[in-house]
Structure formats: structure tokens, C-alpha cells
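Residues per chain, in single letters:
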Amino acid sequence: SFRIRWINQTASAWFQDAANLLGKDCHLTIGQQFSSCNSCMLRTRQMVNEKQTDLISSRVDQDGRVRSYRHQVFPLHPEKESSAFLEVIEDITEKRELEAAIAQADKLAAIGLLASGIAHEINNPLGILSLYGQDLRDRLVEEDIRELQDTGELTQYLDTMDKQINRCKEITTRLLHFSGKSPVI
């Protein structure tokens, strides 16, 4: 019959008029506040027949906060076809919020690791560019540019610098492609 025969202190705290719930149909009292109770009688029998014990539902509390609940249904006399049921309703809102916070922290940690790797990948060619640029500046103070051109060293320096610039461009192109902002060239 799905009438409430007993209610504990926690449920009494959740529902203001808990003492008046006893003897009344669950789906007409408590069920008005849970999203899963619309087809409760059918669903409860189906859960017991399929030996499924968990069901997650939600409701908005008096403060307007959406709370999540896990319903567990256990037949008190499983050998009888029309057994009474024990329904355990557990507030899992904090658990779900904590799981969401942990997932968010994991995402932020992954982004930090990615950013660290990207910085390292870009800093390597930038370090080489800085070194070659400074060395070339120092040599131009002491040596004639024509001498560096004649020996091919100037071309070698510029080729190395171009190579490092292209390396940075490849890194940023791959990042843009990864993020879906640019086609691979």
C-alpha cells in the first residue's frame, strides 16, 4: 500500500510535519518533494524484482537549493510477493559537491601541467634565439660584418635563429589546432 509506518529523526528534520506522515501514502506526502516519486509504486516493485537497490533523485529544499538523494529499497520479506519495503533515503548532496570539486581540481592540475609543458617547449627555442642574438651582437662589435658573411657564420647564425622561430611557430600552430582554433598547415 506504500503507507509510511515508521520515520527516523533525520527524516523528521527534513520534513516539518513528520509526525503527521505516519499512516499516509508515501507518494502523496514525502513523494511530493522528490522528483523520482511520480511513478514510485511501479518503480519500487521494478527495483525489487530486478534486485536494483539504488535510485538517485533530487528536490529543491526550503532554501531553494537543489539537493541530491540516494534511495535504497529493501523488501522486508523477500519471500513474499507483496512484502513491505524499507526505503532508505540518504542525502548525498555534499558528496556530489565534493566529487565535483575534486574533478574541477583535477582539471586545473592538468591545465597547470599542460601550461608548464608548453612554457618549457617555447622557452627552449627562445633561449637559443637569445643566446645567438647576444653572441651575434657581441661579435659585430669586435668583428666586421663582411668577415662574418664571407665565412658563412652570419648565414649559419641566421639559419639557426630562423629554425628556432619556426619551431615556436609549429608549437603555437599545434596548440591552436588542438584547441580547434586553426587548421593544421
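The residue numbering used here restarts from 1 in each chain and proceeds along that chain's sequence as written. Thresholds applied to this predicted model are a pLDDT of at least 70 for local features of residues and 80 or more for the giving and counting of side-chain atom pairs; totals over whole chains, interfaces and linings are not thresholded and use all residues. Values reported for side chains reflect all heavy atoms of the structure, with hydrogen atoms and water molecules removed beforehand.

Engineer: What should I look at first to understand helix α3 (residues 93-142) in this one?
Structural biologist: Residues spaced three or four apart along an α-helix point in a common direction, a consequence of the helix completing one turn every 3.6 residues. Under the 1.5 Å per step criterion, the end-to-end length of α3 is 72 Å for 50 residues, consistent within 8% with the ideal 74 Å. Here α3 has its buried residues at Thr-93, Pro-125, Leu-129, Gly-133, Leu-136 and Arg-139. We call two residues in contact when some of their heavy atoms are within 4.5 Å. Going along the chain from the N terminus, every DSSP run of H or I of four or more residues is numbered as a helix, and every run of E of two or more is numbered as a strand. Contacts from the buried residues of α3 go to β2 (66-75), β3 (85-91), α4 (145-151) and α5 (153-179). Expected span of a helix, by definition, is 1.5 Å for each gap between consecutive residues, and there is one gap fewer than residues. Using a 1.4 Å probe on the protein chains alone, a residue whose accessible area is under 20% of its type maximum counts as buried, one over 50% counts as exposed, and one in between counts as partly exposed.

Engineer: What's the story with the pairing of β2 in this structure? I'm lost.
Structural biologist: In regular strands, side chains alternate between the two faces of the sheet. By the bridge criterion, seven bridges tie strand β1 (residues 54-60) to β2 in an arrangement that is antiparallel. Pairing of Asp-54 across the sheet is with Gln-72, part of β2. The criterion for strand pairing is that DSSP finds at least two bridges linking the strands in question. Between β1 and β2, which pair antiparallel in sequence order, lie five residues; one of them, Gly-64, sits at a positive phi of approximately 85°. Inspection of the sheet shows β2 paired to β3 by seven bridges, in the antiparallel sense. Each bridged residue has a counterpart across the sheet, and for His-71 the counterpart in β3 is Ile-89.

Engineer: How do you make sense of the packing of aromatic side chains when you look at a structure like this?
Structural biologist: A ring pair, where both rings are aromatic, is described by two values, the distance of the centres and the angle of the planes. Side-chain rings of Phe, Tyr and Trp, where Trp is taken by its six-membered ring, are said to pair if the distance between their centres is within 6.5 Å; with planes under 30 degrees apart they count as stacked, over 60 as edge-to-face, and otherwise as tilted. According to the stated counting rule, one finds one aromatic pair in the structure shown. On the basis of an interplanar angle of 65° and a centroid distance of 5.1 Å, the ring pair of Tyr-132 and Tyr-157 is categorised as edge-to-face. Taken together, the residues span a long stretch of sequence, with Tyr-132 in helix α3 and Tyr-157 in helix α5 at a distance of 25 residues.

Engineer: Would you take a moment to explain the confidence of the model for the protein chain for this structure?
Structural biologist: Detailed reading of the predicted coordinates is not advisable wherever pLDDT is low. A residue's pLDDT is simply how confident the predictor is in it, with values from 0 to 100. Chain-level statistics for the protein chain give a pLDDT mean of 82 and a share of 82% at 70 or above. Across the protein chain, α3 holds the top mean pLDDT of 94, while helix α2 (residues 40-49) sits lowest at 66.

Engineer: For this particular structure, what's the right way to read the sheet that holds β2?
Structural biologist: By way of backbone hydrogen bonds, the strands of a sheet pair with one another, either parallel or antiparallel. Reading across from one edge, β1-β2-β3 is the order of the three strands in this open sheet, with antiparallel pairing throughout. Every interior strand has two partners, whereas the edge strands, β1 and β3, have only one. Averaged over all pairs of adjacent strands, the angle between strand axes in this sheet comes to 30°, irrespective of strand direction. The axes are straight lines fitted to the C-alpha atoms, using for helices just the contacting stretch, and the angles between their N-to-C directions are given from 0 to 180°. On the sheet, α3 packs against β1, β2 and β3 and is oriented at approximately 120° with respect to β2.

Engineer: Honestly, the packing of α3 against α5 in this entry has me stumped. Any pointers?
Structural biologist: Packed helix pairs are characterised by how far apart their axes lie and by the angle those axes make with each other. Close contact between α3 and α5 brings their axes to 10 Å; oriented N to C, the two are set at 160°. In this view, α3 runs roughly antiparallel relative to α5, as classed from their interaxial angle. Crossing handedness for the pair α3 and α5: left-handed. Three classes are used: nonpolar for Ala, Val, Leu, Ile, Met, Phe, Trp, Tyr, Cys and Pro, charged for Asp, Glu, Lys and Arg, and polar for all others, with Gly counted as polar. In the contact of α3 with α5, the residues fall into 15 nonpolar, four polar and five charged. By the definition adopted for this analysis, an angle is roughly parallel if under 35 degrees, roughly antiparallel if over 145, roughly perpendicular if from 65 to 115, and oblique otherwise. For a crossing to be left-handed, the near helix must be turned anticlockwise from the far one by less than a right angle; the clockwise case is right-handed.

Engineer: In this structure, what is going on with the environment of Gly-133? I would like to understand it.
Structural biologist: Structurally, Gly-133 can be placed in helix α3. Its relative accessible area of 17% is what places Gly-133 among the buried residues. The spatial distance from the C-alpha of Gly-133 to the C-alpha of Met-161 is 8.1 Å, given a sequence separation of 28 residues.

Engineer: Just checking my understanding: could you explain the side chain of Ser-68 for this structure?
Structural biologist: With respect to the helices and strands, Ser-68 occurs in strand β2. Residue class for Ser-68 comes out buried when judged on its relative accessible area of 12%. Ignoring sequence-local partners within four residues, the contact set of Ser-68 consists of Ser-57, Ser-58, Glu-90, Asp-91, Ile-92, Thr-93 and Arg-96.

Engineer: Even after reading the chapter, I still don't get a nonpolar patch on the surface, so can you show me in this structure?
Structural biologist: Taken together, Phe-74, Leu-76, Leu-86 and Val-88 make up a surface patch of nonpolar side chains, about 300 Å² in accessible area. With respect to the helices and strands, Leu-76 occurs in the loop between β2 and β3. For Leu-76, a relative accessible area of 48% translates into the label partly exposed. To count toward a patch, a residue needs a relative accessible area above 30% and no salt bridge. Like charges then connect within 9 Å, nonpolar side chains (Val, Leu, Ile, Met, Phe, Trp, Tyr) within 5 Å. Here the Shrake-Rupley method, with its probe set to 1.4 Å, supplies the accessible areas, and only the displayed protein chains count as covering residues. Each salt bridge in this description consists of a side-chain nitrogen of Lys or Arg and a carboxyl oxygen of Asp or Glu lying within 4 Å of one another.

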